[in-house]
Every structure is written in structure tokens, then in C-alpha cells.
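The primary structure of each chain is shown beneath.
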Amino acid sequence: MKDKAPKTHRLHIGIFGRANVGKSTLLNFISQQDVSITSPQKGTTTDVVVKTMELLPLGPVVFLDTAGLDDTSLLQEKRFNKTLRALDNAEVCVLIVEPHIWSEYEDFVVREAEERKIPLLAVVNKIDKGRLSLEVKRRLDGNGLAYLELCALDTARRDEYIKAFKERLRCVLPADFLYEPPLAADLIPAASLVALVVPIDLQAPRGRLILPQVKMIREVLDSNAACLVVKEREYPYFIKRLPQSPALVVCDSQVVRQMVADTPPGIKCTTFSILFSRYKGDLTEACRAAAAVDCLAPEDKVLILEACSHHPIEDDIGRVKIPRWLSMYKGFKVNFDTYSGWDFPSDLSSYKLIIHCGGCMLRRRQMLTRLNKAKAAGVAMTNYGVVISFLQGVWERVLEPFPASFWALKEALKRNKEKRREDEDCAIKY
Ligand SMILES: Nc1nc2c(ncn2[C@@H]2O[C@H](COP(=O)(O)OP(=O)(O)OP(=O)(O)O)[C@@H](O)[C@H]2O)c(=O)[nH]1
Ligand SMILES: [Mg+2]
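Residues numbered from 1 in each chain as written. Chains lettered and ligands numbered in written order. Predicted model: local features only at pLDDT ≥ 70, side-chain atom pairs only at ≥ 80, totals over all residues. Heavy atoms only, no water.

## Details of the overall build of the chain
Each helix and strand counted, the chain has 16 helices and 14 strands in total. Along the first, second and third principal axes, the C-alpha atoms of the chain reach 75 × 65 × 35 Å. Within the chain, the proportion of its 430 residues that are buried is 53%. Taking as baseline every contact in the chain between residues at least 6 positions apart, the subset at least 24 positions apart corresponds to 74%. With the model as given, the accessible surface of the chain reaches about 21500 Å², and the carbon-plus-sulfur share is 52%. Each charge sign in the chain was given a centre, from 62 positive and 55 negative side chains, and these centres are 3 Å apart. (Helix = DSSP H or I, 4+ residues; strand = E, 2+ residues; numbered from the N terminus. Buried < 20%, exposed > 50% of the residue type's maximum accessible area, 1.4 Å probe, protein only. Contact = heavy atoms within 4.5 Å. Areas by Shrake-Rupley, 256 points an atom, 1.4 Å probe, with all protein chains shown as cover. Lys, Arg positive; Asp, Glu negative; His and termini not counted. Charge placed at Lys NZ, Arg CZ, Asp CG, Glu CD.)

## Re the coordination of the magnesium ion (ligand 2)
Taken together, the protein ligands of the magnesium ion (ligand 2) are Ser24 (OG) and Thr45 (OG1), with distances of 1.9 to 2.1 Å. Linking serine 24 in helix α1 (residues 23-31) with threonine 45 in the loop between α1 and β2 (49-55), this pair joins segments that are 21 residues apart in sequence. (Donors = N, O, S within 2.8 Å, 3.2 Å for Na, K, Ca; no water.)

## Some words on the site of ligand 1
Around ligand 1, 24 residues are found, and the nearest of them are Lys23, Thr25, Gly43, Thr44 and Thr45. Backbone polar atom of asparagine 20 to an oxygen atom of ligand 1: 2.9 Å apart, as the coordinates give it. Contact distances for ligand 1 include 3.1 Å between an oxygen atom and a backbone N or O atom of glycine 68. Here ligand 1 loses 90% of its free accessible area of 660 Å² to cover by the protein chains. Looking at the shell around ligand 1, its residues break down into six nonpolar, 12 polar and six charged. (Near = heavy atom within 4 Å. Polar contact = N/O pair within 3.5 Å; in protein donor to acceptor, adjacent residues only side chain to side chain. Nonpolar A, V, L, I, M, F, W, Y, C, P; charged D, E, K, R; others polar.)

Structure below.
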């Protein structure tokens, strides 16, 4: 059966390099299709060309063919930015070079990939026109780059080149792609029971479950366990009548306080959003960041980031509920900005705290890029599930299954307290 893996689950491979080095030719060569237009003219590719394919044994991938970085047309800046955006989206970067040219553009790609912590594979193309020069080899070795020499027009050697390309790619791939962290499988013993508390409210899509819920059900089945899926209203009735205590209860963050109240002590429980924070990003970092809530002052601004764009409805979680809960917790009206979909503010420095959704529609790479951007701007970035359970006073219970993250938040809160005490002592002295 044809693989229908959604883009969120595909390895994104960005192809970068100067104009005319043969980026699009290489994509066509690998996919054995005319996906991208090629020509001897510089600046042929003007926008990112996306090609999804099955690259066995690596699995489903997305190639991103980009515009040449030294393209000097009028639209250069726009194209340049799109190419940079592709770098943000890629898990692996393929840098195409010619056998005898190494310029500032090659240096730029190496630097940008390094900054984003993306592995890079160099492809020396056009070896039919000349051998790899000593100078380019020196640069490749000097940067510690894995590379491959080929001619993307040599169809007679296509199979050999593609095999070598896949092997090298596999060697540079990030470990978290080959060994993806579990969503919850490590918390689900075989033959256990898992309860999922799923509110069917106005925000629930009509007639179906959302991705985190479906993924969770699948993981329960893969763990040879069983699953109870129940709304929050029926949950107290069923939890008392189950043939065995659940090994894990997972709820939507919006009903976390009620779920915790209804779950007998000793039963592990958490939220979908917390599980996704661990799966897509860095739960411990998100927990540490949640402590910044305590330090928010009335003039501070909070940024809410949602991965999917949707028309907000009444009582929207990001626009209404979190702002309301946070303002109630702080005792003053907190200032918020909300961005959704692909929008991401270019300047994060004006924010004191970022609260990101679970990111179920983002790939891990995209979430980590966002985390890195926040870190670079010195802004704490937490997650919906963590912050909601914090504001609702149940964070200790729902973070208990993740000891490192639990202690990260506990320690951060302790440091806040010590700092406040020091500040108060200072104020008294003056
Ligand atoms: N001799 C030779 N020519 C090649 C090879 N690979 C690509 N070319 C030629 O180089 C030219 C540029 O190829 P493209 O694939 O359009 O280059 P590109 O990097 O995508 O260029 P831009 O989209 O403009 O950035 C075309 O005329 C290709 O036929 C190769 O291995 N050997
Ligand atoms: Mg091209």
C-alpha cells in the first residue's frame, strides 16, 4: 500500500548551495522524476520546491529544493529568506558544491547548519567536469563534513550514487530521528489499562478525535495494553468500576484539575500536552520556564504560540482561557500577544515568557528550532500543559511521572523564592 505518512512524520532534507551547482538536478536524479526545473541559467529555482518520497530504508522523506544563495535577482532578499526558512524546517542539510569552488556561501551554509544543530552532508557535484580540488577537500575536511562525489547527470551510475547518498545520509542523521522518543510507551506496561479523558466541547472537531488522542490510542495498542476513552463527565463513574487501576490516566489540559481530583492517589496521571512537550520538545526546559510565571510583573508581555491556525471560538484555550487563568493567578491583567500557524515574531526580546501549545502538528525539529530561538533571545519558553497544571495547582501530580522535569520546576521555584527573599532583605537594609 502506498505510504501516506503525513508531512509531520517525514524526515525533511533541505538542499542548499550556490545557484547553478545542480541542486534541482540532484533532486530529479534521486527522485527519478522531473520535479524541479533545471537550466544553465542562474536563479532557475525561485521558491522552495517540495518533493515527498519514500527513501528506503530511511522511510518517508520530504526534499526541500531551495533557491541558489548567490542569486542576485531583484527578489534576492525574499528568496534568501525563504531558503533560510527551509533551513529552519530541515532535519538534515545537503550542501551541494562544485569540485573546485568554495566561497563565502558554502561557509554560510555550514555556519547556519551548525547554529541550528542540523547535521550536514556535502555533495560534490559535477565531477565529470573536474576532480575535487585540494582546496575544496581541505575545506570539507576542515569543517569535519561527510561528503560524497557524484555527477547528477550520470544516469548509468544512478543506482550506485543513490545507494551511497542514502548510506552517508543515514550516518549523519540525528539520533532522535532514528530513535524517536516515545510519546508514552515507556509509561504503559503490557496488559495494563490506560484511561484517556477527552472532553467533547465546542473546540473538538466534529465527528473525529484529534491527533494527540489518536496517537495515544495507537501507542496503547502497540504496548499490548487496553484503553478506556471517556469524557470528563463520565470519568468519575468509570474510574470506580474498572476491573483494574489504570497504569496511566491522560487528560486534555483544560480538565486537568477535575481529572486530578477524580483520580485516586497512587495512579499516575498527566496531560496530552505535557506528553507532547516531552515528545516534540524539551519537557524539563518547559518546566523550568514555567517558574517564570512567578516573576511576571504588570508591565511584562507574554507570547502565546499555537502551531495550527484556526478561527478562535468563544473560550479559546490560547486566547481566552490561558490569559484568564494567568491573570487570575497573578492578580492583575497580563499583557498577551498570540501568534498561530507559521507566524513567528522576528523579535522575541520584548517578551518575558512564551507559552507554546503541545505542537502536535509540528515536527520535533521545528519545535527545537523555536526553543533555540527563544533561548537565543533569553526568553523562557514553556508549554500549555505545564503552565495550565501550574496555574491550576496540580503540577506536582501531573509531573510526577517525569522526575527530572518535576525537580527542575521545583528547583526553579525554590530559586525564585530565595531571590525574592534576598531582594526583600536588600530593600529592608536600604
Ligand atoms: N556537467 C554537469 N552539469 C550538471 C551536473 N548537475 C547539474 N548540471 C547542470 O548545471 C546546470 C544547473 O543545474 P540546476 O539543477 O538548475 O542548478 P541549481 O543549483 O538548481 O540552480 P538554481 O536553481 O539556479 O539555484 C544545468 O544546466 C544542469 O544540467 C553535473 O553533474 N554535471
Ligand atoms: Mg534549482
